[in-house]
Amino acid sequence: MISVIDTTRCKTYHLGNLDQIPQLEVLSEEQRFDIEVVGRVLPFKVNNFVTDELIQWDDVPDDPVFLLTFPQRDMLRPHHYDEMAALIRAGADRSIIRRLADRIRLELNPHPAGQLNLNVPVFQNEPFFGMQHKYDQTVLFFPSQGQTCYAYCSFCFRWPQFSGMSTFKFASSEIDLLIAYLREHPEVTDVLFTGGDPLTMSANLLSYYLESLIQADIPTLRRIRIGTKTLSYWPFKFLTDRDADEVLAVFRRITEAGKHLAIMAHFNHPRELEPQAVKDAIQRVRETGAEIRTQSPLLGRVNDQPEIWADLWNEQVDLGCVPYYMFIARNTGAQDYFSVPLVKAWEIYQSASKQVSGLCRTARGPSMSTKPGKIQVMGPCEVAGEKVIALRFLQARNPDWVHRPFFAEYNDQAVWLNELKPAFGEDRFFFEDELDRIYHENLGTGTE
Ligand SMILES: *Cc1c(COP(=O)(O)O)cnc(C)c1O
Ligand code: SF4
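Residues numbered from 1 in each chain as written. Chains lettered and ligands numbered in written order. Predicted model: local features only at pLDDT ≥ 70, side-chain atom pairs only at ≥ 80, totals over all residues. Heavy atoms only, no water.

Summing up its helical and strand segments, the protein has 15 helices and 15 strands in all. Viewed in the frame of its principal axes, the protein has a C-alpha envelope of about 55 × 55 × 50 Å. The buried share of the protein, reckoned over its 448 residues, is 57%. The long-range fraction of contacts in the protein, counting pairs at least 24 apart against all pairs at least 6 apart in sequence, stands at 72%. Within the structure as shown, the protein displays about 19,400 Å² of accessible surface, and the carbon and sulfur contribution to it stands at 46%. (Helix = DSSP H or I, 4+ residues; strand = E, 2+ residues; numbered from the N terminus. Buried < 20%, exposed > 50% of the residue type's maximum accessible area, 1.4 Å probe, protein only. Contact = heavy atoms within 4.5 Å. Areas by Shrake-Rupley, 256 points an atom, 1.4 Å probe, with all protein chains shown as cover.)

Below, the structure is given as structure tokens:
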């Protein structure tokens, strides 16, 4: 397909200008109304690259990228949908609609794994918002200007941030605080810039943050990671945007300073890797010496088939990317719409893995990001006549828990840790007493 889009200007669409998306004409009145109803509760934003190049409108409503970005009726529970639809049909006041939206959002577990306040470090006697430090080696850093995305994914667990309901706070002069923190915490080897998508920032801002960090010359800081969806949702950030070359120059200066730069790219479906612009963007980023590692949740209806993952991993490796994580969809927002039982997730992972060579088997998973840590489903098995599910931590609040196998009763319906019971008649999983203690000790500091 010949590209007809203006690649120098990212045109964004939201509920207020839906009528400017010409392709939406393929939808029925009812489908368009669904977008409005669900879009009042869950954040919605797409851009002209997503609508013109990524979505194949002939396949709508089953098109994977359409499902990934456009609100769908079943993403809300039926009673929530009906309530909101009734208000909109009645032409209710904006403030009344907003109040209902907020009420529904609070029922969608908006802050899974204690996202809001947990893991916020206390530094110089102040909570350091804009940063999270949960696992020893890696600090998450949220630059305040990078808290949006080129399009919003419908599975996103950061949706409260984008719907304005999160009291997500940021520190002033953040980067100086980060640098001071890193000097006091030599165990931290990695900083992960995250958001939103930090690559929505201008090259100027990116340069300010990243160059400050490099110039601070912290010997214990070895790696900088940037979590991003930009490679597939707006590849022109690295190609034709006015500051594209400067973005790449910033990357190059990091690698030339001897720091490992990892672009943590989110690709959910092989379709996202098809456009030539995406391939070119990947190529240009790699030429800076940056490594691209990839991750995605396993999503019902979108990528819940082994062949899709085999394609995704094969294609990524061909393009020089390293598959890194396969996640279980988080227990928040539209989770019910996308959720895949843990046992089925493992079957997909195993079946995809056996179809590809070892170089493509580097994604760790399926993994749940829970309060105690990242838990990998190692698979169902039988131990001493009992059918169980083997699990282990890939990352844990207590590093000593990492890679210790443990077992849950077999349950092929469970979609999250809280639906699993310890196997062999145990009351609790091995880490639970200590986890309680950790919570208790940190009560009141907001740091967990
Ligand atoms: C996943 C994650 C990390 C990074 O873990 P790695 O295994 O080093 O990739 C860091 N912090 C949090 C809170 C995470 O969820
Ligand atoms: S790109 Fe990432 S942070 Fe942004 S909406 Fe998608 S999942 Fe959420």
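Back to the write-up after that little detour.
Right, let's talk about the site of ligand 1 for a bit. As a structural note, the neighbourhood of ligand 1 is formed by Tyr 135, Thr 138, Leu 140, Arg 225, Tyr 324, Tyr 325, Arg 364, Lys 374 and Gln 395. In the model, an oxygen atom of ligand 1 is placed 2.6 Å from a nitrogen or oxygen of the Tyr 324 side chain. Between Gln 395 and ligand 1, the recorded distance is 3.1 Å, taken from a side-chain N or O atom to an oxygen atom. With the chains in place, 86% of the 390 Å² that ligand 1 exposes on its own is no longer accessible. Taken together, the residues that form the shell around ligand 1 break down as 4 nonpolar, 2 polar and 3 charged. (Near = heavy atom within 4 Å. Polar contact = N/O pair within 3.5 Å; in protein donor to acceptor, adjacent residues only side chain to side chain. Nonpolar A, V, L, I, M, F, W, Y, C, P; charged D, E, K, R; others polar.)

What follows covers the packing of helix 1 (residues 29-39) against helix 4 (residues 78-89). At their nearest, the axes of helix 1 and helix 4 sit 9 Å apart, and the two run at 105° to each other. By the angle between their axes, helix 1 is roughly perpendicular relative to helix 4. Here Phe 33, Asp 34, Glu 36, Val 37 and Val 38 of helix 1 come into contact with helix 4, specifically with Tyr 81, Met 84, Ala 85, Ile 88 and Arg 89. (Axes fitted to C-alpha atoms, helices over the stretch in contact; angles between N-to-C directions. Parallel < 35°, antiparallel > 145°, perpendicular 65-115°, else oblique.)

Further remarks concern the confidence of the model for the protein. Mean pLDDT for the protein: 93, with 96% of residues reaching 70 or above. Low pLDDT (under 50) marks residues 444-448, which in the prediction has 17 contacts with non-local residues, meaning those over four places away or in another chain. (pLDDT = per-residue confidence, 0-100.)

Time to look at the site of ligand 2. In the vicinity of ligand 2, the residues found are Cys 149, Ala 151, Tyr 152, Cys 153, Phe 155, Cys 156, Phe 162, Lys 229 and His 266. Partitioned by chemical class, the residues of the shell around ligand 2 number 7 nonpolar, 1 polar and 1 charged.

This part is about the side chain of Thr 51. Considering the arrangement of structural elements, one finds Thr 51 in helix 2 (residues 48-54). Take Thr 51: its relative accessible area is 0%, and that puts it in the buried class. Residues in contact with Thr 51, not counting those within four places in the same chain, are Tyr 13, Ile 21, Gln 23, Val 46, Trp 57 and Phe 70.

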